[in-house]
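# A closer look at the structure
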Amino acid sequence: MLRTGWLTLVCGLAVGSIAWGKDGVAEQTHVLRAASGSSPRPTECRTSGPDRAFTFWDRARDPRLVRYCNLLAKGYARLETDAADALKAARLAGELEPKRSAPRVLEARALVGQGRMSDAFHIFEQVLRQANPPELSPAGLYAYAVAAVGSDQIEQGLGAYRRVVPMASLLTGAGSSERVYVEAAVLVMRQGQAHLQEAVAYLNEARRRNADLALRPFVLSALALALDRQGRHEEARGVAREAHGHTALLMAAAAPPASGAPGPALPSRVRLPRVDPVELVAMAAMLAAADDAELARHYWKDFLERAPANHPWLAHARSKLAVRG
């Protein structure tokens, strides 16, 4: 009864979340599947469920499987605090069971934690192209999305973000769901005018969840930017005013990290969203406009200098510079 009640609760929460498919269509299948299998522990290491008898006797016959499962457990326990140790555990587990996919997924996630996005994406792709690929947990799918975007595989990253957004409430860690909403929204905005409403929906959900104070400037500045790009200028200014005084935080996040490492952690230990630095400049411009019009113009000029020639929002930035006062 307890397990049934838990699944009912989680599924109910998931159905109440935002669910967008590739073209903005509701997509609940992934949410429900993730709710029933969100644990990173692979089937061969579980002590409950339909395979319990099999795995119990399998472990009894082969002590090597015990060490394999212990290594995976250790790796996942260290994933957030010591990615190098998690990577070592993943590779040791892979040596014990080279045909299983769980160590490879852990290895890829540890590489994301180290900022080695191309290596992580390569491993994720190998695992997901197998004949019977594993169903990634919400955190695993998020790591795949981050690795794809960090490797400039935008189409794969965008698809993964759109799958993980409905599962954001299943992620653990302070500010995790809001961070996913911001990252997904900014990435979606980068695709052009037709995708702005999708971005606004993600950011409104992050705002509704009353984002952690450290993340709130990212939520509000991204929402203000999306609204302004929609032509909803007064509404955008109102949203931006809620986060005035935090422009410097966004610009610090826009600075390129050393050696491709993840951005610095905030004092509250809430991780910064992984957002394109060029878009962060535009977000900072939206906040600065509330207090310092000249500073905002400086940021819009910076945006135009740094944005690639095919960026869909160049005309929008030029229009901001054309307006005085």
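Residues numbered from 1 in each chain as written. Predicted model: local features only at pLDDT ≥ 70, side-chain atom pairs only at ≥ 80, totals over all residues. Heavy atoms only, no water.

## Points about the overall build of the protein chain
For the protein chain, the helix and strand inventory stands at 17 helices and zero strands. Burial status across the protein chain gives 48% buried among its 325 residues. Partitioning the intrachain contacts of the protein chain with sequence separation of at least 6 by distance along the chain shows that 61% fall at a separation of at least 24. (Helix = DSSP H or I, 4+ residues; strand = E, 2+ residues; numbered from the N terminus. Buried < 20%, exposed > 50% of the residue type's maximum accessible area, 1.4 Å probe, protein only. Contact = heavy atoms within 4.5 Å.)

## Quick look at helix α17 (residues 314-322)
Among all positions in α17, only Leu314, His316, Ala317 and Leu321 are buried. Taken down its axis, α17 places every buried residue within 165° of arc, on the same side. Residues of α17 that are exposed and point over 90 degrees away from its buried face: Ala315 and Ala322. Those residues of α17 that are buried are in contact with α12 (216-229) and α16 (293-306). (Arc of directions from axis to C-beta.)

## Comments concerning the confidence of the model for the protein chain
The share of residues in the protein chain with pLDDT of 70 or more is 77%, and the mean pLDDT across the chain is 82. Taken together, the stretch residues 1-38 has pLDDT below 50 and engages in 53 contacts with residues farther than four places along the chain or on a different chain. Throughout residues 257-268 the model reports pLDDT below 50, and contacts reaching past four residues in sequence, or to other chains, amount to 12 contacts. (pLDDT = per-residue confidence, 0-100.)

## So, the state of the cysteines
Tallied over the full model, the rule gives one disulfide. The disulfide partner of Cys45 is Cys69, and the gap between their sulfur atoms is 2.1 Å. Note on the Cys45 and Cys69 pair: the S-S dihedral is about -85°, so by sign convention the disulfide is left-handed. Here Cys45, found in the loop between α2 (29-36) and α3 (52-61), pairs with Cys69, found in helix α4 (residues 63-78); they are 24 residues apart in sequence, far enough to count as distant. (Disulfide = S-S within 2.5 Å.)

## Some details on the packing of aromatic side chains
Applying the stated rule across the entire model yields four aromatic pairs. Taking 5.9 Å as the distance between ring centres and 15° as the angle between the ring planes, the aromatic pair formed by Phe121 and Tyr144 counts as stacked. Of the two residues, Phe121 sits in helix α7 (residues 117-128) while Tyr144 sits in helix α8 (residues 138-150), which places them 23 residues apart along the sequence. Neither Phe121 nor Tyr144 differs from the other in exposure class; each is buried. An aromatic cluster is defined as three or more aromatic residues linked by ring pairs; in this entry it consists of Phe121, Phe124 and Tyr144. (Phe/Tyr/Trp six-rings, centres within 6.5 Å; stacked < 30°, edge-to-face > 60°.)

## Section: unusual backbone geometry
Even without glycine at this site, Asp152 takes up a positive phi of about 65°. Of note, Asp152 is situated in the loop between α8 and α9 (154-164).

## Things to note about the environment of Gln230
Within the element layout of this structure, Gln230 appears in the loop between α12 and α13 (233-241). Judged by its relative accessible area of 24%, Gln230 is partly exposed. Note: C-alpha distance between Gln230 and His316 (86 residues apart in sequence) is 9.9 Å. The residues contacting Gln230, other than those within four sequence positions of it, are Gln193, Leu196, Gln197 and Val200.

## Some points on the packing of α12 against α13
Where α12 meets α13, the closest approach of the two axes is 8 Å, and the angle between their N-to-C directions is 170°. One way to sum up the angle between α12 and α13 is to call them roughly antiparallel. Contacts from Leu220, Leu223, Ala224, Leu227 and Asp228 of α12 reach α13 at His233, Glu235, Ala236, Val239 and Ala240. When grouped by side-chain class, the residues that make up the contact of α12 with α13 number seven nonpolar, one polar and two charged. (Axes fitted to C-alpha atoms, helices over the stretch in contact; angles between N-to-C directions. Parallel < 35°, antiparallel > 145°, perpendicular 65-115°, else oblique. Nonpolar A, V, L, I, M, F, W, Y, C, P; charged D, E, K, R; others polar.)

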